[in-house]
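Report on the structure
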Amino acid sequence: MSDRELHEKYIEGVKNKYGVDRVWSYSQVSSFDQDPYEWFLKYILKEPSDKISGNAYGIYGNMVHDIMEDYYNGKIAREDCCRVFEEKWDKLSLVGLKFNYTDEDSEIKLKTKYKKDLDNFFDTFQTIKSNNCWCEMPIPIKVGEEAFFGYIDFLDEYEENGRKKYHIIDYKTSTMYKGKAIEEHARQLLLYALGLLQKKADCTYEDIDVGWNFLKYVTVKEEQKNGKVKERYIERCELLSKLKTSIDKWLKEYGYAPDMYEMIASLDELPLEVKNKFTISDCIIRVPFTKESADMLIDELSSKCRQLRKLMKEYEETHNEELFMWEPTQSDEFWLYNLCSYTSNLHKPFANYLKKKELIEQYYDETPWLEEASQKGDDLLNNFFDTL
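Read on for a plain summary of the structure.

**Focus: the overall build of the chain**
For the chain, the helix and strand inventory stands at 15 helices and seven strands. Expressed as lengths along the three principal axes of its C-alpha atoms, the size of the chain is roughly 75 × 65 × 40 Å. Each of the 388 residues in the chain was classed as buried or not, and the buried ones make up 41%. Intrachain contacts of the chain at a sequence separation of at least 6 include 66% that bridge at least 24 residues. As displayed, the chain has an accessible area near 22,000 Å², and 49% of this comes from carbon and sulfur atoms.

Here it is, written out as structure tokens:
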């Protein structure tokens, strides 16, 4: 049975289990707010992606997930992870995937950093030692009157004080979430935790620990002179440069040559007493799972599902695609060019944006004062462009 056939079998099972006509995925619900028209193409018209080489972030991310799954399932040894990653990377590089399709300098920089980060991850990642762990574990979730289904990247079951405990980990090859982004992206983790709570009869909120493993980053704990420990998160490819000030401080403290930092390529080459001031570990960011957060999630997802059902019904009756149209701005360009599943050939808001941009650039070419005024934030000019 293929993965697709197995997935469809799971979906039918969830429909029967909860007596529903539709099973949602978290991405299906959350992606609407990012790009309603992409959602329309993907989930209503069911259009396949028309991008020749695909989304580099998604494809490379899936490749990393597959390696971790194979490792924990015993298909590859720990010492082979770097080699397997290198082989898969080389094969994907032949496809012509890009991290930035509009800026070649940015593309080279992003790809180089991404590769260095993941080279380091597969060389140094810390194995979660467990007798009971699952990768890509299917999980159904009842959310109000709706049903959801997804796959947990990594689930670890262990015992603590005589109780079974669970650790849900979601692998991320993206930029690390900070501030409000943590709350926004935590919903998927909380949804899976809710499914696990429903699945395990003797489980409580306190028994489930959820978090991300941001693979491109490490957690650094540095001992301070006053005995306290300072913790920070650093991208793997920047580890040495970000720690330079601290390393220089400790080298001076122990009487080493001031230029020793310039001669090392990794922390392992530091004198032992300096190296021991730093503890490096995988970057695990945890999210609180409580009844309050679960209830809030249920309310939010139930409301979103009602909105989407209403839109789908209205489109079924009217076939009016204006229901999903939106107006991209310059801040949406990276999404449209690099992350969206469709080109402007199918994505009409994208096509409209490009036409408007071309018209504006034509005005700039013919009347240079317009560009100068726009750079100054001229209100009259902004109003002029709004009429185009």
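**Observations regarding the nonpolar core**
Core analysis: the biggest nonpolar cluster contains 53 residues, and Phe-148, Ile-168 and Ile-208 have the highest contact counts within it. Take this core: its biggest share by element is nine residues, from helix 7 (residues 180–199). Beyond its immediate chain neighbours, meaning those up to four positions away, Ile-168 contacts Ile-152, Phe-154, Leu-155, Leu-189, Tyr-192, Ala-193, Leu-196, Ile-208, Asp-209, Val-210 and Gly-211. Membership of the second largest hydrophobic core comes to 26 residues, among which are Tyr-60, Ile-67, Phe-99 and Tyr-114.

**Overview of the pairing of strand 6 (residues 229–235)**
When strand 5 (residues 208–223) meets strand 6, the two strands line up antiparallel, connected through seven bridges. Across the sheet, the residue bridging to Glu-222 is Lys-230, located in strand 6. Count of turn residues in the strand 5/strand 6 antiparallel hairpin: five residues, of which Gly-227 carries a positive phi of about 90°.

**Some details on the packing of helix 5 (residues 81–93) against helix 6 (residues 104–124)**
For the pair helix 5 and helix 6, the least separation of the axes is 8 Å and the interaxial angle reads 155°. On the basis of their axis angle, the class for helix 5 and helix 6 is roughly antiparallel. Viewed along their axes, helix 5 and helix 6 form a crossing whose handedness is right-handed. Residues Cys-81, Cys-82, Phe-85, Glu-86, Trp-89 and Ser-93 of helix 5 touch helix 6, and the partners they reach there are Lys-111, Tyr-114, Lys-115, Leu-118, Asp-119, Phe-122 and Asp-123. Taken together, the residues of the contact of helix 5 with helix 6 sort by class into seven nonpolar, one polar and five charged.

Cut-offs applied
Each chain has its residues counted from 1, running along the sequence as written. Two thresholds apply to this predicted model, a pLDDT of at least 70 for residue-level local features and 80 or more for giving and counting side-chain atom pairs, whereas whole-chain, interface and lining totals are computed over all residues. For side-chain calculations, the full set of non-hydrogen atoms in the structure is used, while hydrogens and water are omitted. A run of DSSP states H or I qualifies as a helix once it reaches four residues; a run of E qualifies as a strand once it reaches two. Both are numbered from the N-terminal end. The buried label applies to any residue whose accessible area, calculated with a 1.4 Å probe on protein chains only, is under 20% of its type's maximum; exposed applies above 50%, and partly exposed to all values in between. Throughout, a contact is declared for two residues whenever any of their heavy atoms are within 4.5 Å. Accessible surface is estimated by sampling points in the Shrake-Rupley manner with a 1.4 Å probe; for residues, cover comes only from the protein chains shown. Here, nonpolar core means buried Ala, Val, Leu, Ile, Met, Phe, Trp, Tyr and Cys residues that are tied together by side-chain atoms lying within 4.5 Å of each other. When DSSP finds two or more bridges between a pair of strands, those strands are recorded as paired. Axis definition: a line fit to C-alpha positions, over the contact stretch in the case of helices; interaxial angles, taken between N-to-C directions, run 0 to 180 degrees. An angle counts as roughly parallel when it lies under 35 degrees, as roughly antiparallel when it exceeds 145, as roughly perpendicular when it falls between 65 and 115, and as oblique in every other case. The sense of a crossing depends on the near helix, which, turned anticlockwise from the far helix by less than a right angle, makes the crossing left-handed and, turned clockwise, makes it right-handed. For this classification, Asp, Glu, Lys and Arg are treated as charged, while Ala, Val, Leu, Ile, Met, Phe, Trp, Tyr, Cys and Pro are nonpolar and the rest, including Gly, are polar.

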